[in-house]
Structure formats: C-alpha cells, structure tokens
Amino acid sequence: MEWLSTENVVAVGTALLGIIASAGMVWYERRVPRRKRIGYRVQMDNPIGDDARSGRLNRRLGLFDEAPGMADATLVLLRVENDGSQGIDRDDYTGPEQHGLTAVFTDRTVRGVSVTQPTDTDHLMDHFTSNRGFSYSGNSLRIPRVPLNRGDHFKLLVLLAGGDVGRPIRITGGIREGEVHPNRSATPDDKPPLFSRASRLITIMLTVCVVTLATLVVARDDTPPPMGCAKGSLTVIGSTAFAPVLREAADKYKADCAGSAITVDPHGSTAGIRELDATGAQWHKKGSPPLIALSDGPKPNDMAELRENRIAVSVFALVLNDRVGLKNLTTAQVRRLYRGEITNWRQLDGPDLAVHLVSRDANSGTRQVFQRRVLGRGEMANSSVDCVTVDDPTATVPRCELDSTEQVLSQVAKLPGAIGYSELNLADSAQGLHVLSLDDDAPSVDDIEHGGSPYPYREIEYAYTYGRPPADSLVSSFLTYLSRGSGQDVVRTHGHVPCGTPEGMKLCA
C-alpha cells in the first residue's frame, strides 16, 4: 500500500485539522471567554428637531426651539453589558479617576442623561450618583464603577446637542484582566446569541472537514489493479498491425500498476521473433529476458525455445483505391493479380487503370498471413521502389514493399489503381480506399466471431517469450493482463477477438 499517496495525505491532514479544531474550541470556550469583559453598543441615535441635516427628519415634541442650543438635539440610547463569564467588581476598574468608564460623543455636547436597568437589577441605581463620579461635561459622560454580575447590563438615554447623528461614539476605560470593547452583536436586548462566534467558526471548520473526508471516500477509485501487478522493465516488439493494441494496453497497465515500465517497439512479426530468439540465446544462463514478441501467425519450427501465448484472432483485409469501384474479388482473381497476370482493372470489369501492388516487406506478419491464407504461395518479386515505375524489365506490374501498415494504407489511398492489404480495424478508418470482400465474404469481426463466416484472411495473434518467464515477473503479469485480464477489453476495442472469451477459445483452438 502507498501510505504517502495524495489521498492518504489529504485524509490524514483533514482528520488532524478536525482534532485540532475540536481541541481549540474546548480551549477557547473554557479559557478565553473567562476574561472579564464589558461590551457596549448604540441601540438608538435619532434627531429630535425639525431640521433635516442628517436626512432623517422627525417631528419634534417639546419646547426645543425655545431652549438655548437645543434646536439640533439628538437622543442616543447606549447599552453597557457584562458579556464575559465572570462578574466585575468596583475594584476591577483600573482608571485613576473616581469614575470607571467614559463615554465620548464626537462633535456633540451632552445636555442630560437618564439611566435604566432591568427590574431584577434595581441595586445598580445606587451607584449612579455624583458622589461616585456620575457626571457629564462637554462631549463626555462619566460612568461610575458599577459592579456587574455575569449578564448584567444597564442603559443610558443621553440627550445631546450640536452635532449630527451617526458620529462616532466610544467608551473608554480599563478592566483588570479584561477589556472594554464595542459589542457587534445584532441580537435583540437581553437575548444572547445561540452560539458564540468561536462556536460558529469551529462548527463550520468541522463541517468542511467531514465533507472533505466524505468526498475522498466517494471519489476514491476502488477499482482493483490488474491481477498480479509486477514491477520492472519490459520491451514488446513484433507485429506492427497489433501495435495500437499493445500501446494502449501498456499505457493502461502502467497507470494501474505503479513501478512498471513497458516500451512498445514493433518492427514486424518476423523481425520480432528473430530478435527474441537471439536475445534469449544470450540470456540463456540468466533465464528468460524481459522481452515479448507479437506475431501475426505461428513462429518457424526451428525456434524451439520460444513459448507461445495465444492472444487474439486478428482479421485482415485487402484494400483498394477508391478510383477502382470493385467491392468483391474471388480468391482466384486475387491470385492472378499477385502473379502479374492482370495488369489493368478493366480486365476484371473495372475502370481503365493500371494495377499497382503495394505490399509489406518480408518481416511482415500481415504479408505472411496473406501468402498463407489467401495466395497459397509467396508473392512475386519486388519490382518498384516508388510503387509507380517498374524497375524490373521482366515484371508485368509494379510491386513495391513498405515497412508498416500505415505506409501501405497511405500509398494505396493516393495511388489510383493501387491494391494492398492491412489489419481490418486500421483499414476501416482510412480515407481514400475501401476494403474488399473475398468470394462474397466480407471481412467482419462479428460474422467471424458469431456467424461462422469462412472469410479466409484472418490469423491468430501470438505472443512469444523465450522459455518460461518467472511467475512474478512483469512479462508473466503483462501476458496475463492481455490474455485473461482487463487487456481483453483493449483487444476487442481495436477490432480483434480475444482468445479468452468463449467464442475466442473456439477460434484460437
């Protein structure tokens, strides 16, 4: 198991964050709020004159016009409360003056003040006397050292003049082991918030942690890796026709099995088998080399050390340039074409176009299957380098040899009158050419797999190893992946019949 995977690191980090957040909440609720705190908030700040300086015109009642300096009067309701978890005594106020706190009303003058308190705290009124520092002058209101139990509060209704509503109002003073602060709570009077800010913050953090962990669990890919994942290096060579299957299968295997390195380097079936045999001979005393050769058809009889694994049934097709409208040829006609007996397509009721034979080189398994399954003999000699001009004066038609299936398809598509052969799936997706039926049997994977079609141009795809590779090696694991594991889906996607299916077992037997 990869303990340092991204998923595990995120999951462990999220869990630790949740634990730290929970511990922090306990510490905060038990330690921080136990500080002595006096909070204050402005519950009303309204004009009571007729002028509209503040944009909030009120109808006045009273003789404010007649009272000197009261034409621009305002009323402020100020609430002062013990919002900590400990009671506050007279001696807890730290200022040197006789009073405890000072309320400052910026740009306004205090004209009068009235004190109110809840009915269950009538004793607070005894502290609001001039002997204990309750007074005002200018823009300042001096508040006595009022003892407040936890949750106690009082209100000050202050009459002001000479300034606009909304100007800053602040209370200053010191509390031993505590603080005086503006109270930002927006709850109604005498109704404490259900949760403190700290509790709400911690709840949000814990919720995010839980949602993150749940997302990891839901999004995690629990698909089991391929059976018998192995680490190491492997090179796959051989068939160019089967190369697209091998490249995709190798990429998926490497994605599922960390630590595996697979290189796909096809150069033809015959070349691949010969390279495997030569490499294995050099490795003979060290065991089986990390090398697999794919071949379109069986190996030669003189390579006894090569062990075969049947992977799939591959279907091939003759391909014809679209300028030649023929859709079907008989086996006899194909053989005459590749003996050089037919030089123009009008001899087969086609258009007046010269025949050009585009073939694969001698290392090609596709060519060997064509010779074995369709021609019943080898092809005629190579007579053209560019597939157009006849270089051999004894040849009746130009025949060229190319290195890969892709090159054959490209040449047939652009050369009028050209005919060649290819693996079926690649031919179906090519432009400028079409596939031919043989003896009225279409090259169809479904018909061969389920309908018992006798279409001849097909062959078993073999994977060869030198001797028996170790059971825990990457060679054995990748072969199992191709023949019996998830690699069968890749084989089928590319138009081949996997030998591991019930129908494929019969065809590969």
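Each chain has its residues counted from 1, running along the sequence as written. A pLDDT threshold of at least 70 governs which residues receive local features in this predicted model, and a stricter bar of 80 or more applies before side-chain atom pairs are shown or counted, although totals over entire chains, interfaces and linings include all residues. Side-chain metrics in this entry use all non-hydrogen atoms of the structure; hydrogen atoms and water are not considered.

Details of the overall build of the protein
When you go through the protein residue by residue, the secondary structure sums to 12 helices and 21 strands. Throughout, exposure labels follow a simple rule: accessible area from a 1.4 Å probe, protein chains only, divided by the maximum for the residue type, with under 20% read as buried, over 50% as exposed, and the rest as partly exposed. Considering the protein as a whole, with its 509 residues, one finds that 45% of them fall into the buried category. In this analysis, two residues are considered to be in contact whenever any of their non-hydrogen atoms come within 4.5 Å of each other. For the protein, long-range pairs separated by at least 24 residues make up 77% of all intrachain contacts whose partners lie at least 6 apart in sequence. The Shrake-Rupley method, run with a 1.4 Å probe, gives the accessible areas here. Residue values count only the displayed protein chains as cover. As presented, the protein carries roughly 25800 Å² of accessible surface, and 52% of it is formed by carbon and sulfur atoms. Runs of E in the DSSP output that reach at least two residues are strands. Runs of H or I that reach at least four are helices, and both are numbered from the N terminus.

A look at the nonpolar core
Put simply, a nonpolar core is a bunch of buried Ala, Val, Leu, Ile, Met, Phe, Trp, Tyr and Cys residues held in one set by side-chain atoms that sit within 4.5 Å of each other. Residues Tyr338, Trp345 and Ile419 are the most contacted members of the largest nonpolar core, which totals 48 residues. Secondary structure elements with two or more residues in this core: helix H4 (269–283), strand E12 (291–296), strand E13 (306–321), helix H5 (331–337), helix H6 (365–375), strand E17 (418–423), helix H9 (445–450) and strand E20 (458–466). When residues of this core are assigned to their parent elements, the largest contribution, 7 residues, is made by E13. Residues contacting Ile419, with those up to four places away along its chain left out, are Leu318, Val319, Leu320, Leu329, Leu337, Tyr338, Trp345, His356, Leu357, Val358, Val412 and Leu436. Of all hydrophobic cores here, the second largest spans 27 residues; its members include Tyr93, Leu124, Leu156 and Val158.

Section: the packing of aromatic side chains
Note on ring pairs: Phe, Tyr and Trp rings are taken, using the six-membered ring of Trp, and paired if centres are within 6.5 Å. Classes follow the plane angle, with under 30 degrees stacked, over 60 edge-to-face and the rest tilted. Enumeration over the complete set of coordinates arrives at 10 aromatic pairs. Ring centres 5.8 Å apart and planes at 20 degrees place the aromatic pair Tyr462 and Tyr464 in the stacked group. For Tyr462, a relative accessible area of 5% gives the class buried. Clustering of aromatic rings is evident, with ring pairs tying together Phe316, Tyr338, Phe370, Tyr421 and Tyr457. Whether a charge sits over a ring depends on NZ of Lys or CZ of Arg being within 6 Å of the ring centre and within 35 degrees of the ring normal. Sitting over the ring of Trp283, Lys286 keeps its end group 4.6 Å from the ring centre.

Brief notes about the sheet that holds strand E3 (residues 101–105)
Two orientations exist for strands paired in a sheet by backbone hydrogen bonds: parallel and antiparallel. Taking strand neighbours across the sheet as the criterion, the 4 strands line up as E5-E6-E3-E8 in an open arrangement whose pairing is antiparallel. The open sheet terminates on both sides in strands that have one partner only, identified here as strand E5 (135–137) and strand E8 (169–172). Neighbour-to-neighbour, the strand axes of this sheet turn through a mean angle of 20 degrees, independent of strand direction. As judged from the 4 bridges shared by E3 and strand E6 (residues 140–143), these two strands associate in the antiparallel manner. Looking at E6, one finds that Val104 is bridged to Ser140. DSSP-based pairing: two strands are paired if at least 2 bridges between them are found. Angles shown run from 0 to 180 degrees and are taken between the N-to-C directions of axes, each axis being a line fitted to C-alpha atoms and, for helices, limited to the stretch in contact.

Things to note about a nonpolar patch on the surface
A cluster of nonpolar side chains, Leu16, Ile19 and Ile20, forms an exposed patch at the surface whose accessible area comes to about 320 Å². Relative to the helices and strands, Ile20 is located in helix H1 (residues 6–31). Using a relative accessible area of 58% as the deciding quantity, one classes Ile20 as exposed. Here a patch means residues that are over 30% exposed by relative accessible area and free of salt bridges, tied together within 9 Å if like-charged and within 5 Å if nonpolar (Val, Leu, Ile, Met, Phe, Trp, Tyr). Salt bridge, as used here: a side-chain nitrogen of Lys or Arg that lies within 4 Å of a carboxyl oxygen of Asp or Glu.

Quick notes on the environment of Thr330
If you trace the backbone, Thr330 turns up in the loop between strand E14 (328–329) and H5. With 109 residues separating them in the primary sequence, Thr330 and Asp439 have C-alpha atoms 4.5 Å apart.

Points about the sheet that holds strand E9 (residues 178–182)
Taken together, 5 strands build an open sheet; the order of strands is E4-E7-E2-E1-E9 and the sheet is mixed. Because the sheet does not close on itself, it has two edges, and the strands there are strand E4 (109–116) and E9. Between one strand axis and the next, the sheet turns through 20 degrees on average, direction left out of account. Pairing of strand E2 (residues 74–82) with strand E7 (residues 153–161) involves 8 bridges; the strand directions are antiparallel. From the neighbouring strand, Leu77 faces E7, where its bridge partner is Leu157.

What to know about the environment of Ser140
Mapped onto the elements, Ser140 comes out in strand E6. A C-alpha to C-alpha distance of 8.8 Å links Ser140 and Thr106, two positions 34 residues apart in sequence. Discounting chain neighbours no more than four positions away, the residues touching Ser140 are Thr102, Ala103, Val104 and Val110.

Quick look at H4
Helix span, expected: 1.5 Å multiplied by one less than the number of residues in the helix. Taking 1.5 Å per residue as the helical rise, H4 with its 15 residues ought to reach 21 Å, and the 21 Å between its terminal C-alpha atoms agrees with that figure. For H4, every residue scored as buried is listed here: Ser269, Thr270, Gly272, Ile273, Leu276 and Gly280. Take H4 and look down its axis: the buried residues cluster within an arc of 165 degrees, on one side only. Along H4, the residues that are exposed and aim more than 90 degrees away from the buried face are Arg274 and Gln282. Think of it as the arc spanned by the lines of direction from the helix axis to the C-beta atoms.

Focus: the state of the cysteines
Cysteine sulfur atoms are paired as a disulfide whenever they fall within 2.5 Å. Tallying each qualifying case throughout the model produces 3 disulfides. The disulfide that involves Cys229 links it to Cys257, with 1.8 Å between the sulfurs. A torsion of -60 degrees about the S-S bond marks the disulfide between Cys229 and Cys257 as left-handed. Here Cys229 is found in the loop between helix H2 (197–219) and strand E10 (232–238), whereas its partner Cys257 is found in the loop between helix H3 (243–256) and strand E11 (260–264), with 28 residues between them in sequence. Classification of Cys257 by relative accessible area gives buried; the value is 1%. At a sulfur-sulfur separation of 1.8 Å, the disulfide partner of Cys387 is Cys400. Between Cys387 and Cys400, the S-S torsion sits near 95 degrees, and that sign places the bridge as right-handed. Taken together, the residues span a long stretch of sequence, with Cys387 in the loop between H6 and strand E16 (399–402) and Cys400 in strand E16 at a distance of 13 residues. Residue Cys387 shares its accessibility class with Cys400, and that shared class is buried. Numbered by position along the chain, the disulfide-linked cysteines of the protein connect as 1-2, 3-4, 5-6.

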